[in-house]
Amino acid sequence: MPSPISFRIEESESVFLDPRKGFETHIERFQVRFDPLTGRTGHFSHVGAIKQQPLDLEVYRRPEVKGFCPFCPENRATYTPKFPETLVSEGRMERGEAVLIPNLFPYDVHSSVLIMTDEHVVPLEDLDEKRLKDAFSLGIDFLKNVRTVDPAQPYHLMTWNYMPPSGGGLVHPHQQYFSTPMPGNQFMDELRAAEAFARVHGRDYWSELVDEEKRRKERFIGETGNSSWLASFISLGTVGDILAVLPGVFSIDQCGEEQIHDLVSGLLRLFLYYQQAGVHSFNASWFFGPPGQEYFTSHFRIIPRTFLNLRDFAPDMNFFQSLLQEPIGVLLPEHLCSQVQPFFQE
Ligand SMILES: [Zn+2]
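Residues numbered from 1 in each chain as written. Predicted model: local features only at pLDDT ≥ 70, side-chain atom pairs only at ≥ 80, totals over all residues. Heavy atoms only, no water.

Some details on the overall build of the protein
The secondary structure content of the protein amounts to nine helices and 14 strands. Taking 346 residues into account, the globule formula puts the C-alpha radius of gyration at 20 Å, and the protein, at 21 Å, falls close to it. Residue burial in the protein is summarised as follows: out of 346 residues, 54% are buried. Of the contacts formed within the protein by residues at least 6 apart in sequence, a portion of 67% connects residues at least 24 apart. (Helix = DSSP H or I, 4+ residues; strand = E, 2+ residues; numbered from the N terminus. Rg over C-alpha atoms; globule rule 2.2 N^0.38 Å. Buried < 20%, exposed > 50% of the residue type's maximum accessible area, 1.4 Å probe, protein only. Contact = heavy atoms within 4.5 Å.)

Following this line, the structure appears as structure tokens:
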């Protein structure tokens, strides 16, 4: 039986007279892809246009650049907020180097910041297994705790801006954990479409996606434990999204040490690829649906971020994403997959 998931690609072309070739006729091809779940489109054009720019981390250590950092250990007790006792009895939660605090500028009812390290500047190669596991497990425990105290909030998510090209306001590594009834358009579009998919096809979308991508061998990167890693058919970022799917995990209650271990194992492999590819910055998200459903599988998405150049520091996202709400990718997922795959082979 054919899979109910279809990967629709519209190939198009644009014609111009090329000044680089004596004004000969030139045909430039591009693609528009349709997300198999939500139907939202994403363009792929200008392939290879964006190169990862170097990031001089030493600059961030200079006192005049560093300025005041509330996340550095010597400032935390005085300058970071505490939770009300009813939510977190000790005020702040800690595990290893990880410290979880309320956001001083909350975006939601439960809007927390997790400081991942004692060090202010931490390169990718130093985001090691212990630091990652401590961070994720503390963040997930916080969300579970919130669920007990405030079960009315149905959705849970982790978000992460790593380093300034990603839009991160502070260099000091940190993640954010939310418990909310309004998790954003991407989350809600996926949730609604996933519910409809399960109703029609009797199976959750992501399990079907993993099976179909495994069969096609075009974007399936590999597995770490029960997690499956894919190059996403649609890229929300410009240089390729990697998706980790955790089949069987639908809500925060089903995420424990084993799932975090699987995710971190894959992430460490991906970070080795990022180091080789010159990626120094990224955005990441990790979604959890409401309890009691089996159609919204937990999944983690990560996209590299960079500047277009170091002359004028143009960001790698522009009106396409901000105003047209249309992602533009310059790296085809199938190509990305072949680059990352070797890092997931034993
Ligand atoms: Zn700091």
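After presenting the structure, the write-up continues.
Description of unusual backbone geometry
The phi torsion at Met163 lies on the positive side, around 75°, for a residue other than glycine. Relative to the assigned elements, Met163 resides in the loop between strand E7 (155-162) and strand E8 (174-180). Of note, the phi angle at Gln325 is positive, near 55°, even though the residue is not glycine. Gln325 sits in the exposed class, given a relative accessible area of 54%.

Some remarks on the sheet that holds strand E12 (residues 282-288)
Pairing is antiparallel across the open sheet formed by ten strands, whose spatial order is E4-E5-E6-E8-E7-E12-E13-E11-E10-E9. Both edges of this open sheet fall to strand E4 (93-95) and strand E9 (220-224), since each of them pairs with a single strand only. Taking each pair of neighbouring strands and ignoring which way they run, the sheet shows an average axis angle of 20°. Note that strand E10 (residues 227-231) and strand E11 (residues 242-245) share four bridges and pair antiparallel. What sits directly across from Ser228, in E11, is Val245. Against the sheet, helix H4 (residues 129-149) touches E4, strand E5 (98-102), strand E6 (110-115), E7, E8, E12 and strand E13 (299-304), its axis set at about 20° to E8. (Pairing = 2+ DSSP bridges. Axes fitted to C-alpha atoms, helices over the stretch in contact; angles between N-to-C directions.)

Structural notes on the pairing of E5
Counting buried positions over the five residues of E5 gives five, a clear majority of the element. When E4 meets E5, the two strands line up antiparallel, connected through three bridges. Each bridged residue has a counterpart across the sheet, and for Met93 the counterpart in E5 is Leu100. Where E4 folds back on E5, the antiparallel hairpin that results is connected by two residues, among which Gly96 adopts a positive phi of roughly 60°. The pairing of E5 with E6 spans four bridges and is antiparallel. Within E6, the residue paired with Leu100 across the bridge is Leu114.

Observations regarding the coordination of the zinc ion
Around the zinc ion, the protein contributes the donor atoms Cys69 (SG), Cys72 (SG), His120 (ND1) and His172 (ND1), at 2.1 to 2.3 Å from the metal centre. We note that the donor set of the zinc ion lies within a single chain, spaced as C-x2-C-x47-H-x51-H. Of this pair, Cys72 sits in the loop between helix H2 (63-66) and helix H3 (73-79) while His172 sits in the loop between E7 and E8, and the two are 100 residues apart along the sequence. The buried category is assigned to Cys72, whose relative accessible area is 4%. (Donors = N, O, S within 2.8 Å, 3.2 Å for Na, K, Ca; no water.)

A closer look at the packing of aromatic side chains
Counted by the stated rule, this structure contains 24 aromatic pairs. With a centroid separation of 5.3 Å and an interplanar angle of 50°, the aromatic rings of Tyr155 and Phe187 are classed as tilted. Separated by 32 residues along the polypeptide, Tyr155 in strand E7 and Phe187 in helix H5 (residues 185-201) bring together distant segments of the chain. An identical accessibility class is assigned to Tyr155 and Phe187; each is buried. A cation sits over an aromatic face here: Arg219 above Phe7, 4.4 Å from the ring centre. The ring of Phe344 has Arg269 sitting right over it, with the charged end atom 6.0 Å from the ring centre. (Phe/Tyr/Trp six-rings, centres within 6.5 Å; stacked < 30°, edge-to-face > 60°. Lys NZ or Arg CZ within 6 Å of the ring centre and 35° of its normal.)

Re the sheet that holds strand E1 (residues 8-18)
Spatially, E1-E2-E3-E14 is the arrangement adopted by the four strands of the open sheet, whose pairing is mixed. Edge positions in the sheet fall to E1 and strand E14 (328-329), since each of these pairs with one other strand and no more. Judged from the two bridges that link them, strand E3 (residues 41-44) and E14 form a sheet pairing that is parallel. For His43, the partnering residue across the bridge sits in E14 and is Ile328.

Points about empty space enclosed by the protein
Following the criterion strictly, the structure yields two cavities of 30 Å³ or more and no others. For the largest cavity, the calculated volume is near 150 Å³. Lining the largest cavity are 18 residues, and of these Asp35, Tyr205, Ser232, Leu243 and Arg301 lie nearest its centre. Those elements that place two or more of their residues in the lining of the largest cavity are H5, helix H6 (205-216), E10 and E13. (1 Å grid on protein atoms, 1.4 Å probe; cavity = no way out; pocket = protein on both sides within 12 Å on 5 of 7 lines; lining within 4 Å. Points joined across faces, edges and corners; volume = space filled by probe spheres on them.)

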